[in-house]
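One letter stands for each residue in the lines below.
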Amino acid sequence: MDQNRPEASTSIRDTAIHRGTAIVAEGGGQRGIYTAGVLDAFLSAGFNPFEIGVGASAGAQNLSSYFISMPGYAMRAIAELSVTPNFMVPYRWLGKRSVLDLDMYFSRLLDDPIYQFPCGEIDKLAGRRRLVFVATSKSDLTATYLEPDSDSLLTHMKASSAVPFLYKGGVAVDSDILVDGGVADPVPVRRAHALGANRIVVIRTVPGYAATTCWRQRLKALRLGRAMPIAMSAMLERHEQAYDDAMQFIRQPPAGVEIVQIAPEVPLHSQVFGSRSDALMADYAIGRQAGEAALEKLPCWLQPAPLGSRYIGERRSQSNSYTNSPLPTERIRA
């Protein structure tokens, strides 16, 4: 057996699943290494009670390895594959090639023995857990919810991660072209609720108090002073509307729904892309610490408790806090 080849663990595959629970993972590119740290802390403790997992972009990748019990896998993929010299090359913006080489990244997940993802393990979730990826239809910017199997997993994961304009063309799924799920549903907490969850853990990659994301500033910078194309402006407006809607849902959840956020206290060291290795590993460590802090409370949280929203991992002057609109327009595909 190849000792370098990643394998799924059997340690928590049979963990008791609590019906009506969900875990939601925000995207954030390389900042997803914070989420990897949180989930690795959960895996180390054998903690995965979630019936439903909904992730966008890097969040989809993280939840995939979490749901099949692969500690350390997401951290290595982000810390090693996304820092290779040819993964992100900004000057490719001026030509026909994509700034982000997602083709290389996902080919390594498919074929490289060191990083190969055991896609067949996903089929073992059927009937027990529900794993959902968010993507966005390029044509009308509606949210598309993908439920992968072993054959479609990497294609769906790539579609959820195909950052507009940085990965040109998007990803074909059935008869549609899909791009990053962060456009139409960046924090898919409403989707988790629509699937039947009333206790939801949300892992963020920005501080929980953040009123907006950095998409607009970063894409403006990438344009290097040129006017922003209409298509780019439309995607940013859709993203910001969806983000605001998710934040409103988290602040004021429906009756009978409790939401816990795990979020960094301050902005992470890493960037969406182009981060230094030391920054990535620092944020992974911060994520592990946040996950370990959450584990002090979450097992009790699974029992009957006051409802509302609360935070784990940051200080908030709100009730129900712990220190340290309609459902988006959508398509559903299996």
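If you're wondering where the values come from, they're calculated on a predicted model, not measured in any experiment. Within any chain, residue numbers begin from 1 and follow the written order of that chain's sequence. Residue-level local features of this predicted model are given only where pLDDT is at least 70; pairs of side-chain atoms are given and counted only at 80 or more, and the full residue set underlies all totals for whole chains, interfaces and linings. With hydrogens and water excluded, all non-hydrogen atoms of the structure serve as input to the side-chain values.

### Description of the overall build of the chain
And step 1. Helix and strand definitions follow DSSP, with helices as H or I runs of at least four residues and strands as E runs of at least two, each counted in order from the N terminus. Within the chain one finds 10 helices and 10 strands.
And step 2. In this scheme, a residue with accessible area under 20% of its type's maximum is buried, one over 50% is exposed, and one in between is partly exposed, where area comes from a 1.4 Å probe on protein chains only. The buried share among the 334 residues of the chain stands at 58%.
And step 3. With residues, only the protein chains shown are counted as cover, and all accessible areas are computed by Shrake-Rupley using a 1.4 Å probe. For the chain, the exposed area adds up to about 13,900 Å²; of that, 53% sits on carbon and sulfur atoms.

### Here's the deal with the packing of aromatic side chains
And step 1. Between rings of Phe, Tyr and Trp, where Trp is taken as its six-membered ring, a pair exists when centres lie within 6.5 Å; planes separated by under 30 degrees are stacked, by over 60 edge-to-face, and by other angles tilted. Overall, the coordinates contain 6 aromatic pairs when judged by the stated rule.
And step 2. Between Phe 42 and Tyr 66 the ring centres are 6.2 Å apart and the planes differ by 55°, which places this aromatic pair in the tilted class. Of this pair, Phe 42 sits in helix 1 (residues 32-44) while Tyr 66 sits in helix 2 (residues 58-67), placing them 24 residues apart in sequence.
And step 3. Exposure remark for Phe 42: the relative accessible area of 0% places this residue in the buried category.
And step 4. On the basis of relative accessibility, which here comes to 1%, the residue Tyr 66 falls in the buried class.
And step 5. With a centroid separation of 5.9 Å and 90° between ring planes, the pair formed by Phe 47 and Phe 50 is classed as edge-to-face. The burial state of Phe 47 is the same as that of Phe 50; both residues are buried.
And step 6. Among the aromatic side chains, those forming a connected cluster through ring pairs are Phe 42, Phe 47, Phe 50, Tyr 66 and Phe 67.
And step 7. Consider the ring centre and the ring normal. A charge sits over the ring if Lys NZ or Arg CZ is within 6 Å of that centre and within 35 degrees of that normal. Over the ring of Phe 67 we find Arg 129, and its NZ or CZ is 5.7 Å from the ring centre.

### Points about the packing of helix 1 against helix 9 (residues 277-295)
A pair of packed helices is characterised by two quantities: the angle between their axes and the separation of those axes.
And step 1. Lines are fitted to the C-alpha atoms to define the axes, a helix being fitted only along its stretch in contact, and any angle between axes, read from their N-to-C directions, falls within 0 to 180 degrees. Axis separation between helix 1 and helix 9 bottoms out at 6 Å; the angle between their running directions is 40°. When the interaxial angle is binned, helix 1 and helix 9 end up oblique. Crossing angle aside, the handedness with which helix 1 passes helix 9 is right-handed. In contact with Ile 33, Tyr 34, Ala 36, Gly 37, Val 38, Asp 40, Ala 41, Phe 42 and Ser 44 of helix 1, helix 9 contributes Leu 280, Met 281, Asp 283, Tyr 284, Ile 286, Gly 287, Arg 288, Ala 290, Gly 291, Glu 292, Ala 294 and Leu 295. In what follows, roughly perpendicular refers to angles from 65 to 115 degrees, roughly parallel to angles under 35, roughly antiparallel to angles over 145, and oblique to any angle outside these ranges. Each crossing is labelled by how the near helix is turned from the far one, with a counterclockwise turn of less than a right angle marking it left-handed and a clockwise turn marking it right-handed. Note on definitions: a residue-residue contact is assigned when non-hydrogen atoms from the two residues lie within 4.5 Å.

### Regarding unusual backbone geometry
And step 1. Even without a glycine there, the phi angle at Ser 69 is positive, about 60°.
And step 2. With respect to the helices and strands, the residue Ser 69 is situated in the loop between helix 2 and helix 3 (73-81).
And step 3. For Ser 69, a relative accessible area of 2% translates into the label buried.
And step 4. Although it is not a glycine, Phe 165 sits at a positive phi angle of roughly 75°.
And step 5. Examined against the element boundaries, Phe 165 turns out to sit in the loop between helix 5 (153-161) and strand 5 (171-173).
And step 6. Of the residues examined, Phe 165 reaches a relative accessible area of 22% and is grouped as partly exposed.

### Focus on the confidence of the model for the chain
And step 1. pLDDT runs from 0 to 100 and stands for how confident the predictor is about each residue. The pLDDT averaged across the chain works out to 85; a share of 78% of its residues lies at or above 70.
And step 2. Contacts for the low-pLDDT stretch residues 314-329, under 50 throughout, to residues beyond four places or in other chains number 51 contacts.

### What about helix 4 (residues 102-111)?
And step 1. Those residues of helix 4 that sit buried are Leu 102, Met 104, Tyr 105, Phe 106 and Leu 109.
And step 2. Buried positions along helix 4 lie against helix 2, helix 3 and helix 5.

### Some points on the environment of Asp 245
And step 1. Tracing the backbone through its elements, the reader meets Asp 245 in helix 8 (residues 230-251).
And step 2. Classification of Asp 245 by relative accessible area gives buried; the value is 14%.

### Considerations on empty space enclosed by the protein
And step 1. Estimated volume of the largest cavity: approximately 250 Å³.
And step 2. For the largest cavity, the lining is made up of 21 residues, of which Gly 29, Ala 58, Gln 61, Ile 78 and Tyr 105 are closest to its centre.
And step 3. Breaking the lining of the largest cavity down by element, the ones donating at least two residues are helix 2, helix 3, helix 4 and helix 5.
And step 4. By the convention adopted, Pro, Cys, Tyr, Trp, Phe, Met, Ile, Leu, Val and Ala count as nonpolar, Lys, Arg, Asp and Glu as charged, and the other residues, Gly among them, as polar. Of the residues belonging to the lining of the largest cavity, the class tally is 14 nonpolar, 7 polar and no charged. A 1.4 Å probe that fits into a set of points on a 1 Å grid over the protein atoms alone but cannot get out defines a cavity; an open set with protein on both sides within 12 Å along at least five of seven lines defines a pocket, and lining residues are those with an atom within 4 Å of a point. Grid points are joined across faces, edges and corners, and a volume is the space filled by probe spheres set on the points.

### Regarding the environment of Leu 110
And step 1. Structurally, the position occupied by Leu 110 is in helix 4.
And step 2. According to the relative accessible area criterion, Leu 110 is partly exposed, its value standing at 45%.
And step 3. Once the C-alpha coordinates of Leu 110 and Leu 154 are considered, the two residues, 44 residues apart in sequence, prove to be 7.7 Å apart.
And step 4. What Leu 110 contacts, discounting residues up to four positions off in sequence, is Gln 116 and Leu 154.

### As for the pattern of salt bridges
And step 1. Between Lys or Arg on one side and Asp or Glu on the other, a salt bridge is scored when a side-chain nitrogen of the former is within 4 Å of a carboxyl oxygen of the latter. Tallied over the entire structure, the rule returns 10 salt bridges.
And step 2. With a closest N to O distance of 3.1 Å, Glu 121 and Lys 124 form a salt bridge.
And step 3. The partly exposed category is assigned to Lys 124, whose relative accessible area is 46%.
And step 4. Note that Arg 130 and Glu 147 form a salt bridge whose closest N and O atoms lie 2.8 Å from each other. One end of the pair, Arg 130, is in strand 3 (residues 130-137); the other, Glu 147, is in the loop between strand 4 (143-146) and helix 5, and 17 residues separate them in sequence.
And step 5. Taking relative accessible area as the criterion, Glu 147 reaches 21% and is therefore assigned partly exposed.

### Structural notes on the pairing of strand 4
And step 1. Burial of strand 4 is two-sided: the residues Ala 143 and Tyr 145 facing one way and the residues Thr 144 and Leu 146 facing the other way are all buried.
And step 2. Here 4 bridges tie strand 3 to strand 4, and the two strands are oriented antiparallel to one another. When the sheet's bridge partners are listed, Val 134 is paired in strand 4 with Tyr 145. Any two strands with at least two DSSP bridges between them are considered paired.

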